[in-house]
Amino acid sequence: MNRNKVLGVSSKYEFGRWEHVLYGPFASDEEAEEWLHAEEYDFRERELMSKTAAAKLVGRKAVNEMFKK
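Now for a description of the structure that goes with this document. (Residues numbered from 1 in each chain as written. Predicted model: local features only at pLDDT ≥ 70, side-chain atom pairs only at ≥ 80, totals over all residues. Heavy atoms only, no water.)

**Topic: the pattern of salt bridges**
- Across all of its chains, the model carries four salt bridges by this definition.
- A salt bridge links Asp42 to Lys12; the nearest nitrogen and oxygen atoms lie 4.0 Å apart. On the criterion of sequence distance, the pair formed by Asp42 in the loop between helix 1 (29-36) and strand 3 (45-49) and Lys12 in strand 1 (residues 7-14) is long-range, its members being 30 residues apart.
- Residue Asp42 is classed as partly exposed on the basis of its relative accessible area of 21%. (Salt bridge = Lys/Arg side-chain N within 4 Å of Asp/Glu carboxyl O. Helix = DSSP H or I, 4+ residues; strand = E, 2+ residues; numbered from the N terminus. Buried < 20%, exposed > 50% of the residue type's maximum accessible area, 1.4 Å probe, protein only.)

And the structure:
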């Protein structure tokens, strides 16, 4: 993956629906891996993915907002 485009998505299934939180883009592969393996203690699943994959999961609007920062 192009490391400037690597995003993280933290997902949790709660009350019959998935809640997704978007993180990144990460400055390096090491930073992305560190985030991936960090513990949140609330049964969330973490994934690293491309901008395109993240847009499919959390929505294009959320991803576009992330890149405006």
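**Some words on unusual backbone geometry**
- The residue after Gly24, namely Pro25, is reached through a cis peptide bond having omega -5 degrees.
- Here Pro25 lies in the loop between strand 2 (17-23) and helix 1.
- The phi angle at Phe15 is positive, at roughly 55 degrees, despite the residue not being glycine.
- Within the element layout of this structure, Phe15 appears in the loop between strand 1 and strand 2.
- Taking relative accessible area as the criterion, Phe15 reaches 80% and is therefore assigned exposed.
- Positive phi, normally seen in glycine, also occurs at Phe43, with a value near 60 degrees.
- With respect to the helices and strands, Phe43 occurs in the loop between helix 1 and strand 3.
- For Phe43, a relative accessible area of 81% gives the class exposed.

**Some remarks on the pairing of strand 2**
- Here seven bridges tie strand 1 to strand 2, and the two strands are oriented antiparallel to one another. Bridge assignment links Ser11 to a residue of strand 2, and that residue is His20.
- From the end of strand 1 to the start of strand 2, which pair antiparallel, there are two residues, and Phe15 there has a positive phi angle of about 55 degrees. (Pairing = 2+ DSSP bridges.)

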